[in-house]
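Okay, here's what each chain looks like letter by letter:
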Amino acid sequence: MELHLNHYKENTKKLFRLATPIFISQLAVSGMGLSDIIMAGLVSDADVSAIAVSNSIYFPLFLFVLGVLNAITPTVSYLNGSNQRHLIAHQIRQGVWLVFVLSIPLLAVYLNSDLILESMKTPAEFANKAYSYLSIISIGLIPALLSINLRCLNDGLSNPKPAMLIMFTGLLFNIPLNYIFIFGKFGLPALGAIGCGVSTAIINWIMFSLMVTYCYTNKSQKDIQLFAKWIEFPEWATIVKLLKLGIPIGFSLFTEVMLFSTSSLIMSRLGAQVVASHQVALQTSSLFFMIPLSLGIASTIMIGQTLGQKEIHKAKYLSYHNLITGMIIALIIGVFIFIFKNLIPHAFTSEESSIMIASGLLVFAAIYQIPDSLQVITNGILRGYKYTKPTLPITLFCYWIIGLPLGYILSMTDWLGEPMAAKGFWVIFCVTLSLSSVLLIYQMRKIQSIPEQALIDRLEAIK
């Protein structure tokens, strides 16, 4: 028992060493979104709603491509753990091709988002602002994705600190740039919510430049020779392997976020106050979600590197140790949200009706912390094993077949009783996240039951 406890302490320390800079990076990203909401809220609820609706279109597609690129992290961590660093640069260069190709449909959607907003009958008071926001933020799409490609390289090398510093730099730029463009300082017009899009596009280019500079000058990566070639022709065998690993990750992120984002679009017809309160609860939940998300990314790195070292048994108990740690932290977060549910909304809005609705929704956010933590950490573990295929059918079933229809029924119809408005979707969030965590843990146990040599052979075949 003492031996297992010592292993748990050792693994937990390593988990936190990796997860802490990742968390700060994610917190900086979330902080940018949070500052957008807070500063736009100083203008009007309509500006907050414009950002909420814009994000419900922007982020599901963006996170799909991010998920595909996340296939690079376990690939790099496995190659690094198995002393095959000479193969790493090739993966990153092929990731650049993935960025350019996958950006095309995203830009097509964002630049024609007015059609989506019109079909959803989004009120004109914030629909026009949402369309302009999406058009402008598209300018920074490609550099944002190229930055992620390089971040996945560093994460896979167990070196998440550069991304942390660069993301934090982006946050520091975000607040003054928002101030300038939202409120129209230094002779510029006051753009409101649209100003957030301008500042985000500028920051994406700044962060990309910093990431390239770091990777180019970092001596510890010289042996990888990433910049020995600035352009490398596409190699379809590598791209197909990355897509096979990354598409399920991308779709799992897309389907989960679509459940949350589509709920915002559906409820946009209920008016700015409902959308604003829903967004307050989502933003709070997203902020705390950065903690288990960071643990999940750190788990991918730890498991991938351990498997690269052919320590199959160690990877198995690492998985359970990380899940236990995630549950403990989720319980603490849930209690915190519940205790302060009436105070948190005041940070986002001064509208009393929006505050009252949001505080009720935060009860559900507190409830689903544990299943949400379990599912995101298990997802990270499965990526470390390069076993991502089952995540697609699981997330489709939980979030689209169950989540979206039942959420719509409870929120917008009287089929099962009085319409619950925003609360209907939040009840379903609790149900679907719980079901997803159970099914993903089953898949984790399934891949871990494979004999050691068979698992090693499988991993080597898809390195």
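Source: prediction; values computed, not measured.

## Considerations on the packing of helix α2 (residues 45-69) against helix α4 (residues 88-110)
Packing of α2 against α4 brings their axes to within 10 Å, and their N-to-C directions diverge by 165 degrees. Taken together, the axis directions place α2 and α4 in an arrangement best described as roughly antiparallel. Pair α2 / α4 crosses with right-handed handedness. Contacts between α2 and α4 involve Ile57, Tyr58, Leu61, Phe62, Val65, Val68 and Leu69 on the former and, on the latter, Gly95, Leu98, Val99, Leu102, Leu106, Val109 and Tyr110.

## Some details on a nonpolar patch on the surface
Among the surface-exposed residues, Leu331, Val335, Phe336, Phe338, Ile339, Phe340 and Leu343 lie close enough to one another that they form a single nonpolar patch of about 670 Å² accessible area. Mapped onto the secondary structure, Leu343 falls in the loop between α12 (312-339) and α13 (352-367).

## Comments concerning the pattern of salt bridges
The full count for this structure, using the stated rule, is 4 salt bridges. Among the ionic pairs, Arg93 bridges to Glu232, the shortest N-O distance being 3.1 Å. Pair noted here: Arg93 is in helix α4 and Glu232 is in the loop between α9 (193-217) and α10 (236-267), with a separation of 139 residues, a long-range link. Of the charged contacts, one joins Glu460 and Lys310 as a salt bridge, the two residues approaching to 3.5 Å between their closest N and O atoms. Highlighted residues: Glu460 in helix α17 (residues 452-461) and Lys310 in the loop between α11 (272-308) and α12, separated in sequence by 150 residues. Accessibility expressed as a relative area gives 33% for Lys310, which makes it partly exposed.

## Quick word on a positive patch on the surface
A surface patch of like charges, here positive, comprises Lys9, Lys13, Lys14 and Arg17. Looking at where Arg17 falls in the secondary structure, it is placed in helix α1 (residues 2-41).

## Some thoughts on the nonpolar core
Counting 138 residues, the largest nonpolar core has Phe62, Leu153, Leu307, Tyr385 and Trp426 as its most contacted members. Beyond its immediate stretch of four places on either side in the chain, Leu307 contacts Tyr78, Ile312, Ala315, Gly384, Tyr385, Leu455 and Leu459.

## Thoughts on the packing of α12 against helix α14 (residues 369-384)
At their nearest, the axes of α12 and α14 sit 8 Å apart, and the two run at 150 degrees to each other. With respect to each other, α12 and α14 are oriented roughly antiparallel. You can see that α12 and α14 cross each other, and the crossing is right-handed. For the pair α12 and α14, contact is made by Ser319, Asn322, Leu323, Gly326, Met327, Ala330, Leu331, Ile333, Gly334 and Ile337 and by Gln369, Ile370, Ser373, Leu374, Ile377, Thr378 and Ile381, respectively. Looking at the contact of α12 with α14, its residues break down into 10 nonpolar, 7 polar and no charged.

## Overview of the packing of aromatic side chains
Geometry of an aromatic ring pair is reported as the spacing of the ring centres plus the angle between the planes. Under the definition given, this model contains 15 aromatic pairs. Between Phe254 and Trp400, the aromatic rings sit 5.7 Å apart at their centres with planes inclined by 70 degrees, giving edge-to-face as the arrangement. Linking Phe254 in helix α10 with Trp400 in helix α15 (residues 391-412), this pair joins segments that are 146 residues apart in sequence. Given a relative accessible area of 29%, Trp400 falls into the partly exposed group. Counting every residue linked through ring pairs, the aromatic cluster contains Tyr58, Phe59, Phe62 and Tyr110. The ring of Tyr216 carries Lys222 above its face, with NZ or CZ at 5.7 Å from the centroid.

Rules used throughout
Residues numbered from 1 in each chain as written. Predicted model: local features only at pLDDT ≥ 70, side-chain atom pairs only at ≥ 80, totals over all residues. Heavy atoms only, no water. Axes fitted to C-alpha atoms, helices over the stretch in contact; angles between N-to-C directions. Helix = DSSP H or I, 4+ residues; strand = E, 2+ residues; numbered from the N terminus. Parallel < 35°, antiparallel > 145°, perpendicular 65-115°, else oblique. Left-handed = near helix turned anticlockwise from the far one by under 90°. Contact = heavy atoms within 4.5 Å. Patch = residues over 30% accessible without salt bridge, like charges linked within 9 Å, V, L, I, M, F, W, Y side chains within 5 Å. Areas by Shrake-Rupley, 256 points an atom, 1.4 Å probe, with all protein chains shown as cover. Salt bridge = Lys/Arg side-chain N within 4 Å of Asp/Glu carboxyl O. Buried < 20%, exposed > 50% of the residue type's maximum accessible area, 1.4 Å probe, protein only. Lys, Arg positive; Asp, Glu negative; His and termini not counted. Charge placed at Lys NZ, Arg CZ, Asp CG, Glu CD. Core = buried A, V, L, I, M, F, W, Y, C linked by side-chain atoms within 4.5 Å. Nonpolar A, V, L, I, M, F, W, Y, C, P; charged D, E, K, R; others polar. Phe/Tyr/Trp six-rings, centres within 6.5 Å; stacked < 30°, edge-to-face > 60°. Lys NZ or Arg CZ within 6 Å of the ring centre and 35° of its normal.

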